[in-house]
Amino acid sequence: MAMLLKKVLELRSSTRNLGRDHHHHDQESCWDDDPPPSNRGVVVMPAAAAAGSSTGTFDRIPDEILYVIVKMLGPKEAARISAVCRTWRSLVSNNRLWIHFLQIQSLHPYHHHHRGSSSDPCRAWDSIFFAETRLRSGYPLQLYYSQAPQLSFMRIYGQRALVPGSVIIDGGSGYCKFGWSKYNAPSGRSATFCEFGNIETPLYSRLSLFYTTIYSKMQVKPPNQPLVVSTPICHYDDTESAKASRKQLGEAIHSVLFDLNVPAVCAINQATLALYAARRTSGIVVNIGFQHTSVVPILHGEVLSKVGVESVGMGALKLTEFLRQQLQQKNIHFDSLYTVWELKEASLHWLKNAFKQERYCFNHEWPERAMGLHQAVALCMDHCHDAELMYDDSWYKTVVLSGGTACLPGLAERLEKELHEMLPSAMATGIRVIPPPYGSDSAWFGAKIISNLSTFPGAWCVTKKQFKHKLKRDLMVSRTAALQINQNKEKGNQVQEDHQDLDQSATSKSKAEPGKPTIQQS
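Quick caveat: nothing in here was measured; it's all calculated off a predicted structure.

Asks: Could you give me a rundown of the overall build of the chain, with the residues and numbers involved?
Replies: The helix and strand inventory of the chain stands at 20 helices and 12 strands. Counting every position in the chain, which comprises 522 residues, the buried fraction comes to 45%. Taking all contacts inside the chain whose residues are at least 6 apart in sequence as the whole, residues at least 24 apart take part in 69%. For the chain, the accessible surface area stands at approximately 27100 Å², while carbon and sulfur atoms represent 54% of it.

In structure tokens form, the structure reads like this:
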């Protein structure tokens, strides 16, 4: 085996005498050209001894043995060998080889391990394949998979290696998770218990303090890395005031971050990120937040505000209070609600068996809520069905749970059971409820999938220059609209004045001719 590796490297070294220009051309083409057509980006090992091709001494070695040899060399040497000749390039550019390298790369030793993290090679590869086939085009997403070109995973590997490390901040109303995109889990978290909807202090000031604090905890400077940030699920009614609130929040987040000199910002709402973490682009996300629960329909990565985002007045805070009452009935008393919160987060399995917390989510008889969780999801599905946005109704039958409280054991199974009992059989068929794919960190992992794309940050991020250009364009549009409204108003006033002048003229004329009878208006 050592002799084989030596001969491969010697063969590679001998090509350096062919000239610097020819060598440079080969090295560029080893990443830029696509391999032979494949089936959905995954192909079998090509025959090295195909007609008109030769690997020299290695023709006598079976292709699978050569494949094992190249795997042992690693991605860097494999890329170098591809410049030897066209035959070696055909052999080395095999997608199966680079899928293996991508799986190894996702399990790099310096990554932090975490429960539910992508330590499973199959799961890691599934996330990479989903991202590179469904998300690489950026937003708006590519609607049809058949439109995707044949993928070269050799090229994708090279592009992903050049993607800069990014900062990820998932700022929830209860807990904030932050860390590096190259790690397998958040590097830090803190109990924020902050509400973005709170108007006690200016929005800009609260956001500035929040992001400055996170960067300080991470001990990094904002200008050094792109940022992927989750936006809260709020103001999703299809009203003009809600649209204005969403726009104000988005502009405030970008303004604060660009004032901190962040080079590029990718802001996506938490529900969409949780859906991406489940390797879906369409479905219904049930996000159990700190104060309330949101039921969000999403189609091709877009939140369907016009269809309707349902909100339930039940969140992790009320569930924690319910747990404290249950504990008190068993003579277990805690003065601090935060202590009960920590107990709930650390002992979900025990609490489920001891107190059956999931019944709280479905009990619609509680006075502070108009409907239970299953009723809100069923109502959202009914709206999606009536909207008839797709020829196939299966897109809204995938329900993804999100949030730390959604990790409650048995919650997904109970919700699926309740939906099957509530909905008509035609709608209930095919419904599947997926537990939080990465626990309480699902939104963070959705951001991680985005930030490691081979097309990141270009396809997803906004720069300061682009943001300012958009603000100017929006300002011009609003001014043009306001000017048009004023012109229409002035035109209407002018028409009204002309009518009044005509009326006055007619009245004066009738008074000037006394012989003619006047028409009295009743």
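Asks: Give me helix 12 (residues 316-329): which residues, what numbers.
Replies: A rise of 1.5 Å per residue sets the reference length of helix 12, with its 14 residues, at 20 Å; its end C-alpha atoms lie 20 Å apart and thus fit the reference within 8%. Phi turns positive one or two residues past the end of helix 12, at asparagine 331, with a value near 60°.

Asks: Outline the confidence of the model for the chain, supporting the account with residue identities and numerical values.
Replies: Residues shown with low pLDDT carry predicted positions that ought not to be read at fine detail. Confidence in the prediction of the chain, expressed as mean pLDDT, is 77, and 71% of residues score 70 or more. Predicted confidence for residues 15-52 stays below pLDDT 50, and this span has 62 contacts to residues more than four positions away or in other chains. Here residues 518-522 is a poorly scored stretch, pLDDT under 50, and it has zero contacts once near neighbours within four places are set aside; other chains count.

Asks: Residues and numbers for the packing of aromatic side chains, please.
Replies: Under the defined criterion, the tally for this structure stands at 10 aromatic pairs. Ring geometry for phenylalanine 210 against tyrosine 211: centres 5.0 Å apart, planes inclined by 70°, an arrangement best described as edge-to-face. A single burial state applies to phenylalanine 210 and to tyrosine 211, both of which are buried. Ring geometry for tyrosine 276 and tryptophan 460: centres 6.3 Å apart, planes at 75°, overall edge-to-face. Of this pair, tyrosine 276 sits in helix 11 (residues 270-277) while tryptophan 460 sits in the loop between helix 19 (442-451) and strand 12 (462-463); the two residues are 184 residues apart in sequence, bridging distant segments of the chain. Here tyrosine 276 and tryptophan 460 have matching classes, each one buried. An aromatic cluster of three or more residues is present, and its members are Trp98, Phe101 and Tyr157. Taking the ring centre of tyrosine 67 as reference, the NZ or CZ of arginine 96 above it sits at 4.1 Å.

Asks: Give me the nonpolar core: which residues, what numbers.
Replies: Of all hydrophobic cores here, the largest spans 32 residues; its most connected members are Ile284, Val377, Met381, Val399, Leu401, Leu415 and Leu419. When residues of this core are traced back to their parent elements, those giving at least two are strand 6 (283-288), strand 7 (293-299), helix 16 (373-387), strand 10 (398-402), helix 17 (411-422) and helix 18 (425-428). Looking at which element gives the most residues to this core, the answer is helix 16, with seven residues. In this structure methionine 381 touches Ile284, Tyr396, Lys397, Val399, Leu419, Leu423, Met427 and Ile431, once residues within four positions along its chain are discounted. The next biggest cluster of nonpolar side chains, apart from the first, holds 26 residues, and it includes Ile61, Leu66, Val84 and Ile156.

Asks: Go over the packing of helix 11 against helix 19 with me, naming the residues and quoting the values.
Replies: What describes two packed helices is the angle between their axes and the distance between those same axes. Where helix 11 contacts helix 19, the two axes come as close as 7 Å, and the packing angle between them is 75°. In terms of orientation, helix 11 lies roughly perpendicular with respect to helix 19. Facing Gln270, Leu273, Ala274, Tyr276 and Ala277 of helix 11, the residues of helix 19 in contact are Ser442, Ala443, Phe445, Gly446, Ala447, Ile449 and Ile450. When the residues that make up the contact of helix 11 with helix 19 are grouped by side-chain class, the tally is nine nonpolar, three polar and no charged.

Asks: If you had to explain helix 10 (residues 240-259) to someone new, which residues and values would you point to?
Replies: For helix 10, with 20 residues, the first-to-last C-alpha span of 28 Å sits near the 28 Å given by 1.5 Å per residue. Of all the residues in helix 10, the buried ones are Ala242, Leu249, Ala252, Ile253, His254, Val256, Leu257 and Phe258. Of the residues trailing helix 10, asparagine 261 is marked for its positive phi of about 70°.

Asks: Now, about the pairing of strand 2 (residues 175-180): what can you tell me, with residues and values included?
Replies: Judged by how many residues are buried, strand 2 sits mostly within the fold: five of six residues are covered. Direction of pairing for strand 1 (residues 167-171) relative to strand 2: antiparallel, over a ladder of five bridges. In the sheet register, valine 167 faces strand 2, and the bridge partner there is tryptophan 180.

Asks: Could you give me a rundown of the pairing of strand 7, with the residues and numbers involved?
Replies: Regular strands place side chains that alternate from one sheet face to the opposite one. Judged by how many residues are buried, strand 7 sits mostly within the fold: seven of seven residues are covered. Here strand 7 shows two buried faces, one formed by Thr293, Val295, Pro297 and Leu299 and the other by Ser294, Val296 and Ile298. Here six bridges tie strand 6 to strand 7, and the two strands are oriented antiparallel to one another. Note that in strand 7 the partner of isoleucine 288 across the bridge is threonine 293. Turn length for the strand 6-strand 7 hairpin, with the two strands adjacent in sequence and antiparallel, is four residues. Note: strand 7 against strand 9 (residues 310-312), three bridges, orientation antiparallel. Each residue of the ladder has a partner; that of valine 295, found in strand 9, is glutamate 310. The antiparallel pairing of strand 7 with strand 8 (residues 302-303) creates a hairpin that spans two residues between the two strands, and histidine 300 there sits at a positive phi of about 55°.

Asks: Report on the environment of valine 229, specifying residues and quantitative values.
Replies: For valine 229, the position within the fold is in strand 4 (residues 227-231). Here the alpha-carbon distance between valine 229 and alanine 443, two residues 214 residues apart in the chain, equals 9.8 Å. Ignoring sequence-local partners within four residues, the contact set of valine 229 consists of Ile169, Tyr211, Ile253, Leu257, Val265, Cys266, Ala267 and Ile268.

What counts as what
- Residues numbered from 1 in each chain as written.
- Predicted model: local features only at pLDDT ≥ 70, side-chain atom pairs only at ≥ 80, totals over all residues.
- Heavy atoms only, no water.
- Helix = DSSP H or I, 4+ residues; strand = E, 2+ residues; numbered from the N terminus.
- Buried < 20%, exposed > 50% of the residue type's maximum accessible area, 1.4 Å probe, protein only.
- Contact = heavy atoms within 4.5 Å.
- Areas by Shrake-Rupley, 256 points an atom, 1.4 Å probe, with all protein chains shown as cover.
- Expected span 1.5 Å × (residues − 1).
- pLDDT = per-residue confidence, 0-100.
- Phe/Tyr/Trp six-rings, centres within 6.5 Å; stacked < 30°, edge-to-face > 60°.
- Lys NZ or Arg CZ within 6 Å of the ring centre and 35° of its normal.
- Core = buried A, V, L, I, M, F, W, Y, C linked by side-chain atoms within 4.5 Å.
- Axes fitted to C-alpha atoms, helices over the stretch in contact; angles between N-to-C directions.
- Parallel < 35°, antiparallel > 145°, perpendicular 65-115°, else oblique.
- Nonpolar A, V, L, I, M, F, W, Y, C, P; charged D, E, K, R; others polar.
- Pairing = 2+ DSSP bridges.

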